[in-house]
Amino acid sequence: MADATISSFVDITGSSANVARGFLEMTNNDLEQAIQLFFENPDLQHSINSASATTQTTTRNAPSGTHRQTVREDEHGVIHIDSDDDEDEDVDSVQAVARNAQEEEDAAMAQRLQEELFSAPDDEIRSPIRSTTETLVAPHPAWGSGFDGDDDIQSDLLEQLRQRQARARRAPNPFNQSIWDDPDARPGPATAGAPTTRAQRLTDLFRPPHDIISRFSWDEAREEGKDTKKWILVNIQDLSDFTCQALNRDIWKDKAIKELVAENFIFLQYSNEDVLARDYITFYFPNHENPQNYPHVSIVDPRTGEQVKIWSGRPFPSALDFHSQLVEFLDRYSLNANTKNPVVKVKSKQSKAVDVDRMTEEEMLEMALKNSLAPNGGSSENQKSNIVDPDSLTKSPLLSGGERVTSPLREATAEPELSASQSAFAAISITNPHTEPEHNPATTTRIQFRHATGRIIRRFNTQDPVRRIYEWLKAEPMEGKEGVEFELKKMPQGHDLIENLDGTIEEVGLKQGTVMIEFLE
């Protein structure tokens, strides 16, 4: 190795000759590359100095009687060490010490680089991933190349969830049959001569009427009813109530009723715990927890969603009476667009809730005596259904002769009631337009108005009378509806608001409500 190259390296870097020699050896005497390596890797300089110091210390501490090694360098820069048998052990020791020092330096450097790369401030350390538990739902066999989209996924998942809930609550009880169980999976009636158990006979006797049940969700049933012009007949079952199960035996297996239902209705039968019954229970049967409201059967208009007739509570009509009431309903109501169905004429008499905190001691004692005399104990108010049949409110009161007027075509004496309703509508001003008030959650509300061609959302004051809504629609009629008489019905009950003209929007229960506009053309 040329002394001039080492001298140039020392002059430029200010390092020792040993360091210069080490870097030049690593770069094959390339001065420029050795200098660049020196400045880019200061740790290598420290390693070379440590190895050189270790070697010198070992040489100084060698025994005085040992022969000092002869070291020479040839013209190509290769270092030659003369050794003999006495000096082999010393040379091996020096090389081992240098090798150990180099390995320690390399290990220290590797650890330092690892800490710089993978260490992070405490505030940047993310929290561990929270453990979760999920349930895998097996794909439905119907899924395949004909799969259409998310609607099929949702319906199939609901079907599997319903089946799982049915299996979970199934007990060895012939009356506790899941309404939506696959009829093909259930054992049918026993064949002639085959032995049957009492439980099997009861199961067959109280089996749900799978032959007339429509397997639709609530929204699907409404769409199907609009297309086929059929009413929706709904039966909500409490599987723990024997009276509900008796409908399967006495009502839905009657041949005349089955033919009438199959021809004119979309029949839905749900359990009160069924996932698919939630929409109906939310909008039409909020008092489903009251056992006195069972059995529950109702008829719903698929076009407007109005609940037009209800059978709720006990005693339930016999098969003959129920058939005659269905026939009477079909005579009075129609789904034809040019037919006007009966409207509510009699106000519902709902029992008011008793405020116990405001009762006197005598009143509380009197109520306790009444409750003690009620059947099965408890409150007498809870011993009967609190649901009113909307169809009964469309019928006129009894006349002096005892006959009930059900249609203006049957008795001329019903005409004054109709004219009174028309006169109330005619007396409403047509020159009082409405301006929406500023938004104030405490004093204003939005009301949704639905009609045959769409919907409108408008803001009113909660203390405005219902008459104000009629004035707005008469002063600002919809396009093409100028001068056309209309009816406003509160949804979903279908209550005609003409009877509450002087009541406030808050009193009538129209806050955030929905009103159906029906034009009488």
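Residues numbered from 1 in each chain as written. Predicted model: local features only at pLDDT ≥ 70, side-chain atom pairs only at ≥ 80, totals over all residues. Heavy atoms only, no water.

Asks: Account for the pattern of salt bridges, naming residues and giving values.
Replies: Under the defined criterion, the tally for this structure stands at 13 salt bridges. For lysine 258, the salt bridge identified is with aspartate 211, shortest N-O distance 2.6 Å. Of this pair, lysine 258 sits in helix H10 (residues 255-264) while aspartate 211 sits in the loop between helix H7 (198-205) and helix H8 (218-228), placing them 47 residues apart in sequence. A residue is classified by how much of its surface remains accessible, and lysine 258, at 23% relative accessible area, is partly exposed. Here lysine 226 ties to glutamate 223 by a salt bridge, and the two come within 3.8 Å at their closest N and O atoms. Of the two residues, lysine 226 and glutamate 223 are both situated in helix H8; the distance of 3 residues between them amounts to about one turn of the helix. Taken together, the shared-partner salt bridges connect Lys309, Arg332, Asp389 and Asp391 into one network. (Salt bridge = Lys/Arg side-chain N within 4 Å of Asp/Glu carboxyl O. Helix = DSSP H or I, 4+ residues; strand = E, 2+ residues; numbered from the N terminus. Buried < 20%, exposed > 50% of the residue type's maximum accessible area, 1.4 Å probe, protein only.)

Asks: Would you mind going over the sheet that holds strand S4 (residues 265-271) in detail, with residue names and values included?
Replies: Adjacent strands of a sheet pair through backbone hydrogen bonds, lying either parallel or antiparallel. Strand order in this open sheet of 4 strands is S4-S3-S5-S6, and the pairing throughout is mixed. The two strands at the open ends of the sheet, each matched to only one other strand, are S4 and strand S6 (307-312). Sheet twist, expressed as the average angle between the axes of neighbouring strands with direction ignored, equals 15°. Sheet analysis places strand S3 (residues 231-237) next to S4, joined by 7 bridges and oriented parallel. Each residue of the ladder has a partner; that of isoleucine 236, found in S4, is tyrosine 270. Here helix H12 (residues 319-332) sits on the sheet and contacts S3, S4, strand S5 (296-300) and S6; the angle it forms with S6, its principal contact strand, is near 170°. (Pairing = 2+ DSSP bridges. Axes fitted to C-alpha atoms, helices over the stretch in contact; angles between N-to-C directions. Contact = heavy atoms within 4.5 Å.)

Asks: Quick one: what's the story with the sheet that holds strand S7 (residues 444-451), residue by residue and with numbers?
Replies: Read from one edge of the open sheet, 5 strands run S8-S7-S11-S9-S10, paired in mixed fashion. Both edges of this open sheet fall to strand S8 (454-461) and strand S10 (495-496), since each of them pairs with a single strand only. Note: strand S9 (residues 486-490) against strand S11 (residues 514-519), 5 bridges, orientation antiparallel. Looking at S11, one finds that lysine 490 is bridged to valine 515. Together, S7, S8, S9, S10 and S11 form the strand contacts of helix H15 (residues 467-475), whose direction differs from that of S9 by roughly 140°.

Asks: Now, about the packing of aromatic side chains: what can you tell me, with residues and values included?
Replies: By the definition in use, this model includes 23 aromatic pairs. Ring geometry for tyrosine 280 against tyrosine 284: centres 5.2 Å apart, planes inclined by 25°, an arrangement best described as stacked. Note that tyrosine 280 and tyrosine 284 are positioned in helix H11 (residues 278-284) at a spacing of 4 residues, about one turn of the helix. Classification of tyrosine 280 as buried rests on a relative accessible area of 0%. Classification of tyrosine 284 by relative accessible area gives buried; the value is 9%. Put simply, the rings of Trp252, Phe267, Trp311, Phe316 and Phe322 pair up and form one aromatic cluster. In this structure, lysine 474 is placed above the aromatic ring of phenylalanine 425, and the distance from its NZ or CZ to the ring centre is 4.5 Å. (Phe/Tyr/Trp six-rings, centres within 6.5 Å; stacked < 30°, edge-to-face > 60°. Lys NZ or Arg CZ within 6 Å of the ring centre and 35° of its normal.)

Asks: With reference to specific residues and values, describe the side chain of glutamate 487.
Replies: With respect to the helices and strands, glutamate 487 occurs in strand S9. Within the structure, the side chain of glutamate 487 is placed 3.5 Å from the side chain of lysine 340, a separation counted as a polar contact. Not counting chain neighbours up to four residues away, the residues in contact with glutamate 487 comprise Lys340, Val343, Asp496, Met516, Ile517, Glu518 and Leu520. (Polar contact = N/O pair within 3.5 Å; in protein donor to acceptor, adjacent residues only side chain to side chain.)

Asks: Describe in detail the packing of helix H2 (residues 17-26) against helix H3 (residues 31-40), supporting the description with residues and values.
Replies: Between H2 and H3, whose axes approach to 9 Å, the crossing angle comes to 115°. With respect to each other, H2 and H3 are oriented roughly perpendicular. The two elements H2 and H3 cross, and the hand of that crossing is right-handed. On H3, the residues that touch Val19, Phe23, Leu24 and Met26 of H2 are Leu31, Ala34, Leu37 and Phe38. (Parallel < 35°, antiparallel > 145°, perpendicular 65-115°, else oblique. Left-handed = near helix turned anticlockwise from the far one by under 90°.)

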